[in-house]
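The lines below spell out each chain.
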Amino acid sequence: MKEYDVIVIGGGPAGLAAAISAHKNGARTLLIEREERLGGILKQCIHDGFGIIRFGERLTGPEYAKRFVREFHALKIDSLIQTFVTDIRKDEGGFTVTTVSSRGLGKYRCRALVLATGCRERTPRQVSIHGTRPAGVFTAGTAQHFVNLLGQMPTKKCVILGSGDIGLIMARRLTLEGAEVVGVYEARPEPSGLMRNIMQCLEDYDIPLHLSHTVTRVFGRDRLEGVEVAAVDENMQPLAGTEERIDCDALILSVGLIPENEVAEKLGVTIDPRTRGPLCDENLMTDVAGVFSCGNSLHVSDLVDYVTESGELAGHAAAAYSRGEERGEESKDVRKEGHKAAAQQPELKAAADEHDLYFRTDKKKMICITCPNSCLLTVAEEGGNIIVSGNRCPRGRDFAIAELTHPMRTISSTVRTTYKAVPVLPVRVSQPIPKEKIFAVMAEINKVLVDHPVRAGEILIPHVLGLDADVIAASEILKDTDPEGEWEHEQ
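Residues numbered from 1 in each chain as written. Predicted model: local features only at pLDDT ≥ 70, side-chain atom pairs only at ≥ 80, totals over all residues. Heavy atoms only, no water.

## Some words on the environment of Ala 317
Inclusion rule: Note on conventions: DSSP H or I runs of at least 4 residues are helices, E runs of at least 2 residues are strands, and numbering of each starts at the N terminus. Only heavy atoms matter for contacts: two residues are in contact if any of them lie within 4.5 Å across the pair.
Examined against the element boundaries, Ala 317 turns out to sit in helix α7 (residues 304-322). Setting aside its immediate chain neighbours within four residues, Ala 317 contacts Asn 283 and Phe 292.

Structure below.
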């Protein structure tokens, strides 16, 4: 039985950050991941906007994850992939972790345990939609997996229930790929996603957002044929007489995330009923000594930057605990910091409601989309000069002026490949392009077929449509595949 100081369960952004932090703080560390590749959910999040706080750059999900994966492998930290944890036992000396994989059963010992197991999406049954169970009802994450990893379109015409960020982002993604998104329906009187996503994912593409509305019924036996939507009252109960049928072939749910804590519960960890994550101290240790929690299994965060920050704190504290120290060198409550963006939302949503910014008509008011702050900007012209107020950084002024004169956007997508195991490869534009060129650039992207190894950052379309922007790879294929479709990422 191999022994470690710290074992991290989960190879997403929180788990990678925790393992790297524990290793750098002197702990012999093992990371266990059930998927075949590290990176967690970020592998399918091909949109940009990650890393603004952490790196000061707008990265796609694969690019953000890659930075941690590369550091993880460079440090030669032990890892097990395609490995499931089936049991954990605690005794006076620490923990015994039992795993199962294609290699058989395994047992590993450690003094400290970091749970970075992420979260899962709420299902159709958890939101009590009436009807049968036809094909065509997807969670937003499942739809994202189909489009961004498998290269398959799950819909031609869909309705999205819930205004969570992934639902908003998928509204844009499906539209870019040619699907018709009839509308986004939200039972609450305000959207739950970031304001910047309301603006750049819905307004940019004329996708309506219906607040205080929900889906009450699905139609169809084998496949979805339509849904019934209705207005709701202040208690979110459907109002009789407001029902409307919408014909569609898919219903996509973006109705919230639940921290994944089955392992924690088996260890006897107390779960906070508000966050559905473990109750932790300032070092993210649970009430079971030696068990730490971080990332979205601790609480659902708006930004991955906060997820990795909590992973680093948990890894540092776990390493200290494994040496017999109760606490690390410093303490801070990441749970509060993880809700920074969320805490700003009520103010922004109220401002958006006041100025009718969901589908604005007043061009003198706008939401800045350059970062999660989503500043409410006021633009005026005085003496031939454009005056911008409300911005918290210089980028807000630049955005406002560009938005009035020549709106620019970044887009991310995928290109087809000849490789069976990796049918699509994430790509993005190297810099913003004119807003009116989005669909023309998408048409050029859809012409690309990759049939050779590609490095992340490699230019696939130089100066697309004669613009200053290139279309570059946001992930990689490192060698030609054999007829069986095998392939590899950097290890």
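## Quick word on the packing of helix α1 (residues 13-24) against helix α2 (residues 61-74)
Put simply, the test is: In this analysis, axes come from line fits to C-alpha atoms, helices being fitted only over the stretch in contact, and the angle between any two N-to-C directions falls in the range 0 to 180 degrees. Helix crossings get a hand from a simple test, with the near helix turned counterclockwise from the far one by less than a right angle marking a left-handed crossing and a clockwise turn marking a right-handed one. Each residue gets one of three labels, nonpolar for Ala, Val, Leu, Ile, Met, Phe, Trp, Tyr, Cys and Pro, charged for Asp, Glu, Lys and Arg, and polar for the others, Gly among them.
Two elements in contact, α1 and α2, have axes whose closest approach is 10 Å; the angle formed by their N-to-C orientations is 35°. The way α1 lies across α2 gives a crossing that is left-handed. Contacts from Leu 16, Ala 17, Ala 19, Ile 20 and Lys 24 of α1 reach α2 at Ala 65, Phe 68, Val 69, Glu 71 and Phe 72. When grouped by side-chain class, the residues that make up the contact of α1 with α2 number eight nonpolar, no polar and two charged.

## So, helix α3 (residues 140-150)
Here is the rule: Relative accessible area decides the class of each residue, using a 1.4 Å probe on protein chains only: under 20% of the type maximum gives buried, over 50% gives exposed, and in between gives partly exposed. It is the directions from the helix axis to the C-beta atoms that the arc portrays.
Every buried residue belonging to α3 is among Ala 140, Gly 141, Ala 143, Gln 144, Val 147 and Asn 148, and all of these are buried. Mapping the buried residues of α3 onto a view down its axis gives an arc of 155°, with all of them on the same face. Turning to α3, the residues buried within the fold contact β9 (119-121), β10 (137-139), α4 (165-176), β17 (250-253), β24 (412-417) and β25 (424-429). Looking one or two residues beyond α3, the residue adopting positive phi is Gly 151, at roughly 70°.

## Things to note about the environment of Arg 196
Inspection of the secondary structure assignment puts Arg 196 in helix α5 (residues 195-202). Considering only alpha carbons, one finds Arg 196 and Pro 372, 176 residues apart in sequence, at a separation of 6.9 Å.

## Points about the packing of aromatic side chains
Describing an aromatic ring pair means giving the distance of the ring centres and the angle of the ring planes. The condition is simple: Note on aromatic contacts: the rings of Phe and Tyr and the six-membered ring of Trp form a pair at centre separations within 6.5 Å, being stacked when their planes are under 30 degrees apart, edge-to-face when over 60 apart, and tilted otherwise.
For the structure on display, the rule yields six aromatic pairs. Taking 5.4 Å as the distance between ring centres and 40° as the angle between the ring planes, the aromatic pair formed by Tyr 64 and Phe 68 counts as tilted. Residue Tyr 64 and its partner Phe 68 are located together in helix α2, separated by four residues, close to a single helical turn. For the residue pair Tyr 64 and Phe 68, the accessibility class agrees, reading buried in each case. With a centroid separation of 6.0 Å and an interplanar angle of 85°, the aromatic rings of Tyr 205 and Phe 439 are classed as edge-to-face.

## Focus on the environment of Asn 197
Just so we agree on the cut-off: Two N or O atoms form a polar contact when they lie within 3.5 Å of each other; inside protein one atom must be a possible hydrogen donor and the other a possible acceptor, and for residues adjacent in sequence the pair counts only when both atoms belong to side chains.
Here Asn 197 is to be found in helix α5. Through-space distance from the C-alpha of Asn 197 to that of Leu 168 is 6.4 Å; in sequence the pair is 29 residues apart. The residues touching Asn 197, leaving out its near neighbours within four places in the chain, are Asp 165, Leu 168, Ile 169 and Leu 202. A polar side-chain atom of Asn 197 sits 2.9 Å from a polar atom in the side chain of Asp 165.

## Description of the nonpolar core
What counts here: To form a nonpolar core, buried Ala, Val, Leu, Ile, Met, Phe, Trp, Tyr and Cys residues must be joined to one another through side-chain atoms within 4.5 Å.
Membership of the largest hydrophobic core comes to 59 residues, with the highest contact counts inside it found for Ile 411 and Ile 445. What Ile 411 contacts, discounting residues up to four positions off in sequence, is Tyr 205, Arg 428, Val 429, Ile 433, Ile 438, Val 441, Met 442 and Ile 445. In this structure, Phe 68, Ala 112, Cys 280 and Tyr 321 belong to the second largest nonpolar core, which totals 39 residues.

## A few points about the pattern of salt bridges
Once the charged atoms of two side chains with opposite charge are near each other, the side chains can pair. Threshold: Salt bridges are defined as contacts in which a side-chain nitrogen from Lys or Arg sits within 4 Å of a carboxyl oxygen from Asp or Glu.
Tallied over the entire structure, the rule returns 23 salt bridges. A salt bridge links Glu 476 to Arg 70; the shortest N-O distance between them is 3.8 Å. Pair noted here: Glu 476 is in the segment after β29 (471-473) and Arg 70 is in helix α2, with a separation of 406 residues, a long-range link. By relative accessible area, which is 38% here, Arg 70 ends up partly exposed. For the salt bridge of Asp 247 with Arg 245, the shortest nitrogen-to-oxygen distance reads 3.0 Å. Overall, the relative accessible area of 45% leaves Arg 245 in the partly exposed class.

## Overview of the confidence of the model for the chain
Formally: Residue-level confidence of the predictor is summarised by pLDDT, bounded by 0 at the bottom and 100 at the top.
On average, residues of the chain carry a pLDDT of 88, and 89% of them reach 70 or more. Segment residues 328-363 is flagged for pLDDT under 50; beyond a separation of four residues in sequence, or across chains, it makes 84 contacts in the model. Contacts from residues 481-491, a stretch scored under 50 in pLDDT, to residues over four places away or in other chains number 25 contacts.

## What to know about helix α11 (residues 438-445)
Of the residues making up α11, those classed as buried are Ile 438, Val 441, Met 442 and Ile 445. When α11 is viewed along its axis, its buried side chains cluster within an angular range of 105° and face the same direction.

## Structural notes on the sheet that holds strand β6 (residues 94-101)
In plain terms, the rule: In short, DSSP must find at least two bridges between two strands for them to pair.
Strand order in the open sheet made by the four strands is β1-β7-β6-β5, with mixed pairing throughout. Of all strands in the sheet, those bounded by a partner on one side alone are β1 (2-3) and β5 (84-91). Judged from the seven bridges that link them, β5 and β6 form a sheet pairing that is antiparallel. Each bridged residue has a counterpart across the sheet, and for Phe 84 the counterpart in β6 is Val 100.

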